[in-house]
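Next come the chains, spelled out residue by residue.
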Amino acid sequence: MSFKIGQRMIGPDAAPFIIAEMSGNHNQSLDRAMELVEAAAKAGAHALKLQTYTADTMTLDCSRPGFIIEDPKSLWAGAQLYELYKDSHTPWEWHQPIFERARTLGMIPFSTPFDFTAVDFLESLDVDCYKIASFENTDIPLIRRVARTGKPMIISTGMATVAELYRSVTAAREAGCEHLVLLKCTSTYPATPANTNIATIPHMRELFDCQVGLSDHTMGTGVSVASVVFGATVIEKHFTLARADGGVDSAFSLEPEELRQLVIETERAWQSIGTVQYGATQAEKNSLQFRRSLYITQDLKAGDELTTQNVRAIRPGFGLPPQHLDEILGTTVKVDVERGTPLSWKLLR
């Protein structure tokens, strides 16, 4: 199931693939967008992701019910969808300079298209892969169009039922997708750890026989790090220069130092998984000498009896194991023995 996106291996034998999602955190400034690219690369992100749409490809300029966000708990409460997408979209003419800078800095740039025109545009920029957003994961025609490019696909699974995912995965594969990643995702902004359910990751991997990762909208990095132990091979996080600067997604985005820690700690988590292991590893063998073992604690003459007063289990570990203490008590030594001598069978009568 492992495969490459660009030159980066995706799978359990490689460190997690970390995607910095710029989204609308450029705040309509190309200079700021370029600063985000630089900061993401400096933090060690492996990929930089945009979103490719316009307000007109996303929705209608309409104020009828349904076109205004009415949820008072939403970060965007009261916003008209059209105006929200107009303010947060990444101008298409910015894509090429952003992608070129990301590639120069060693990252893999790609994007989430929201309609066929966006796919055609991204193909002209020769992206290495595509992302399908959670709110589009039931848009079968879009999934088929992306799959026909033959590029690896990453699909966020927010809100999707097993039946819906089955239809989406089947559509992608039938249309030509050979390399697929599903991202466990909770479509709330921000999401809470308690509502993230990363235990779904191994189940999803078994169910759909593909790589699985996490699109993480929680605050901080703890959930992402934990997901690696469940088998996440791709981690996506929204990214900003500073949450205090504001921006459409800034409230739940990582800052540069947090992104750097995400890269470090997810790799550490991946390294720690290993295999089922008991007994001393090769690295631990030198530590065996510091186990407790049986030592002579008083100077003894040949014929002296061993008692709890002259034998103890102490460190280091060059004597008999402590499990033999009851066995040797009451026996006698056959030679003179100095205090601090490790007890061995050859000393006993």
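Just so we're clear, the structure is a prediction, and the values are computed from it rather than from any experiment.

Caption draft 1: Focus on the packing of aromatic side chains. Evaluated as defined, the whole model comprises 6 aromatic pairs. Both rings, one in Y189 and one in F252, keep their centres 5.5 Å apart while their planes meet at 45°; by these two values the pair is tilted. Of this pair, Y189 sits in the loop between strand 8 (180-185) and helix 8 (200-208) while F252 sits in the loop between strand 10 (234-238) and helix 10 (256-273), placing them 63 residues apart in sequence. F252 gets classed as buried once you look at its relative accessible area, which sits at 2%. Here the aromatic cluster, defined as three or more aromatic residues joined through ring pairs, consists of W76, F135, Y189 and F252.

Caption draft 2: Up close: the pairing of strand 3 (residues 17-21). Taking burial as the measure, the 5 residues of strand 3 include 5 buried ones, the bulk of the element. Alternating positions in strand 3 separate into two faces, F17, I19 and E21 on one and I18 and A20 on the other, with burial throughout. Relative to strand 10, strand 3 runs parallel, the two sharing 5 bridges. The residue bridging A20 from the neighbouring strand is K237, located in strand 10. The sheet contact formed by strand 3 and strand 4 (residues 47-52) spans 3 bridges and is parallel. If you follow I19 over to strand 4, its bridge partner there is A47. Assessed by its sense of winding, the connection that carries the chain from strand 3 through helix 1 (residues 30-43) to strand 4 is right-handed.

Caption draft 3: Seen up close, the pattern of salt bridges. By the definition in use, this model includes 12 salt bridges. The salt bridge involving D245 is made with R32; its shortest N-O contact spans 3.0 Å. Here D245 is found in the loop between strand 10 and helix 10, whereas its partner R32 is found in helix 1, with 213 residues between them in sequence. Between R243 and E258 there is a salt bridge, with its nearest N and O atoms 2.8 Å apart. Of this pair, R243 sits in the loop between strand 10 and helix 10 while E258 is found in helix 10, placing the two residues 15 residues apart along the sequence. Linked through salt bridges whose partners overlap, the residues forming this network are E21, K49, K131 and E236.

Caption draft 4: Representation of the pairing of strand 4. Here strand 4 lies mainly inside the structure; 6 of its 6 residues are buried. Burial along strand 4 is two-sided: the face carrying A47, K49 and Q51 and the face carrying L48, L50 and T52 are both buried. Sheet topology places strand 4 next to strand 5 (residues 108-113); 6 bridges connect them, and they run parallel. Looking across to strand 5, one finds that T52 is bridged to P113.

Caption draft 5: Quick look at a positive patch on the surface. A surface patch of like charges, here positive, comprises R292, R312, R315 and R339. Classification of R315 by relative accessible area gives exposed; the value is 62%.

Caption draft 6: Structural detail: the nonpolar core. Counting residues in each nonpolar core, the largest one holds 67 residues, and the members touching the most others are L48, I98, M153 and L259. If you tally residues by element for this core, the top one is helix 1, at 6 residues. Formed by 12 residues, the second largest nonpolar core is a distinct cluster that contains I296, L320, I328 and L343.

Caption draft 7: Seen up close, a nonpolar patch on the surface. A cluster of nonpolar side chains, namely V229, F230 and I273, defines an oily patch on the protein surface of about 250 Å² accessible area. Structurally, V229 can be placed in helix 9 (residues 222-229).

Caption draft 8: Fine view of the side chain of T266. Within the element layout of this structure, T266 appears in helix 10. The class for T266 is buried, based on a relative accessible area of 0%. There is a polar contact of 2.6 Å between the side chain of T266 and the backbone oxygen of L262. At 3.3 Å, the side chain of T266 forms a polar contact with the backbone oxygen of V263. If we ignore the near neighbours within four places in the chain, the residues touching T266 are P16, I18, S224, V225, V228 and I235.

Definitions and limits used
- Residues numbered from 1 in each chain as written.
- Predicted model: local features only at pLDDT ≥ 70, side-chain atom pairs only at ≥ 80, totals over all residues.
- Heavy atoms only, no water.
- Phe/Tyr/Trp six-rings, centres within 6.5 Å; stacked < 30°, edge-to-face > 60°.
- Helix = DSSP H or I, 4+ residues; strand = E, 2+ residues; numbered from the N terminus.
- Buried < 20%, exposed > 50% of the residue type's maximum accessible area, 1.4 Å probe, protein only.
- Pairing = 2+ DSSP bridges.
- Right-handed = clockwise from strand over helix to strand, strands pointing away.
- Salt bridge = Lys/Arg side-chain N within 4 Å of Asp/Glu carboxyl O.
- Patch = residues over 30% accessible without salt bridge, like charges linked within 9 Å, V, L, I, M, F, W, Y side chains within 5 Å.
- Areas by Shrake-Rupley, 256 points an atom, 1.4 Å probe, with all protein chains shown as cover.
- Lys, Arg positive; Asp, Glu negative; His and termini not counted.
- Charge placed at Lys NZ, Arg CZ, Asp CG, Glu CD.
- Core = buried A, V, L, I, M, F, W, Y, C linked by side-chain atoms within 4.5 Å.
- Polar contact = N/O pair within 3.5 Å; in protein donor to acceptor, adjacent residues only side chain to side chain.
- Contact = heavy atoms within 4.5 Å.

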